[in-house]
Amino acid sequence: MRNGTAGGDFIRIIDLLGMGLRNLFNRKARTALTVLGVLIGTSAIIVMMSLGVGMSEANMRAVEQFGNVEVISVTSYFWRPPDESGYVESSQGMLDDEAIARIDAFPEVEAATPLMRQYLYVVSGKYKSYGCTFIGIDTRYMDYFFDLKEGRMLDENDTNVGIFGFRMPYNFMNTRSNTRDYGWGWGDMSGDPLVDIYNDSFVMTSDWQYGERRQPGMDQGNPSQKPKLHKFTGIGLLEGNENLWSEYDNSIIVNVEWLKKCMDEDNRRQNRGSGGGGGRDIGYAVSSSSGGMYYSSMSDVVESPYDSALVKVYDRRDVETVMRKINDLGLGASSPLDMLQYMEETTNQIQQLLGGIAAISLLVAAIGIANTMVMSVYERTKEIAVMKVLGCKLGNIGMLFLFEAALIGFLGGVIGILFSEVAAYVLNNYGGDLMNSFGGRGWNVGQDMPPIAIIPPWLIGLGLVFSTVIGIISGFLPARRAMKLSVLRAIHN
């Protein structure tokens, strides 16, 4: 510090740093205890927030198990929000090629395909599957919605070929065996399936008797009325997970145009007409908030040619926008993000509660910093008086005390961050086993469990800035006291 007049000299930054550090280290025990309070408060907030970030990540991964969050499921049924009386009106739109084309034209949409489902039987020689859903799709967009484990995707001109679901090869049974052993997807998939999807020939039919041993006297019906047999071969296998179930696992994916053609042939053969439409009366029961039941019915509704549709958007932030547009067409829309939003609301509430509890620790630490700095002002009264007599500006004196308070907050923040990293490591490596011993977290065996606590870089920076700012705020009043201290009273005391 240089000598001079009261209005013209400043403490150099290097001198300010040296004096502040020297004053803190001269009171090691008090400084250490104050830093410990900041450490506890900072680490508590970081760990609590990291638990919230970990829960959000776990929520996202859990939702992604049910499907891509950028994919919207579309149905012809649309439920409108309830009115004041709790009445829920439902309607059925027409989910046809025109509707699919309009959805595909939305600027936010990357791909849109119809889904046409038909529950049929599959036979290969003496082996038969009783549980198979044929799903017809627009083959141009198959790679947007499905992943292959092996084989190839469907081409636009593919007919008489299909891609088997992950569990589908294990769903066949030997119809000529007395035991009729078979696996229904959830069975043992460790052995070899009964059929070879690439080299065996398959028959698709709606005739439940086909491939069965008919007992003498069984009604065979009119052979000319029997559904037509549609031959096809397998060209691929969908990706799957033995610990998870998907609606596509026990399905066979085919070209929707080929499936339409096959169903039309069956309908004509059995005089059912084409398309399977027709008017019908549909009634829906909806629970109101008061516990009553309100009905919304639709009469003379023509069935849509498609059961549902899949729509993929470019960005998940556009999911809600596209869903509203689909609703405006009179169609229903749902997305895994619906579930994620509900889970995130719960997570935010828990995180706010945890953060509030942790903030109390930091508030106590702030009080500790203020107490330390007030005591420092009382103990250094003579030093402050000498600084004023030597001509230090009041701002320099206040800056010195603010610097010391900020340094306490900064040191507590740095050590608190290191402590938080250690705590997160312990939670992520040993906390999962403890939580599983108490019932687990709803995570399936064999899956990689997401981290319990995640500390992103922004949380580290936020914790460090927050602890330093808390230190500065806590040192503000002591610094003002030092600036207003009377020189004469200080020398007299």
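How each quantity is defined
Residues numbered from 1 in each chain as written. Predicted model: local features only at pLDDT ≥ 70, side-chain atom pairs only at ≥ 80, totals over all residues. Heavy atoms only, no water. Salt bridge = Lys/Arg side-chain N within 4 Å of Asp/Glu carboxyl O. Buried < 20%, exposed > 50% of the residue type's maximum accessible area, 1.4 Å probe, protein only. Patch = residues over 30% accessible without salt bridge, like charges linked within 9 Å, V, L, I, M, F, W, Y side chains within 5 Å. Areas by Shrake-Rupley, 256 points an atom, 1.4 Å probe, with all protein chains shown as cover. Helix = DSSP H or I, 4+ residues; strand = E, 2+ residues; numbered from the N terminus. Contact = heavy atoms within 4.5 Å. Arc of directions from axis to C-beta. Polar contact = N/O pair within 3.5 Å; in protein donor to acceptor, adjacent residues only side chain to side chain.

Trainee: Quick rundown of the pattern of salt bridges? Include the residues and the values.
Mentor: Tallied over the full model, the rule gives 12 salt bridges. For the salt bridge of Asp315 with Arg317, the shortest nitrogen-to-oxygen distance reads 2.7 Å. Judged by relative accessible area, Asp315 falls into the partly exposed class, the value being 24%.

Trainee: Talk me through a nonpolar patch on the surface; I want residue IDs and the actual numbers.
Mentor: Nonpolar side chains collect at one region of the surface, where Phe410, Leu411, Val414, Ile415 and Leu418 lie side by side and expose about 390 Å² of accessible area between them. Take Ile415: it is sitting in helix H9 (residues 394-437).

Trainee: Could you give an account of the side chain of Glu404, naming the residues involved and the relevant values?
Mentor: When you line up the elements, Glu404 lands in helix H9. For Glu404, a relative accessible area of 1% gives the class buried. Setting aside chain neighbours within four positions, we find Glu404 in contact with Met19, Gly20, Asn23, Leu24, Met373, Ser376 and Arg380.

Trainee: Break down helix H3 (residues 97-104) for me, with residues and values.
Mentor: All of the buried residues in H3 are Ala99, Ile100 and Ile103. Buried residues of H3, seen end-on, are gathered within an arc of 100° and therefore sit on one face of the element. Here the buried face of H3 lies against strand E1 (71-75), strand E4 (109-124), strand E14 (308-313) and helix H6 (319-328).

Trainee: Would you mind going over the side chain of Glu70 in detail, with residue names and values included?
Mentor: Along the chain, Glu70 turns up in the loop between helix H2 (28-64) and E1. Among the polar contacts made by the side chain of Glu70, one reaches the side chain of Lys312 at a distance of 3.4 Å.

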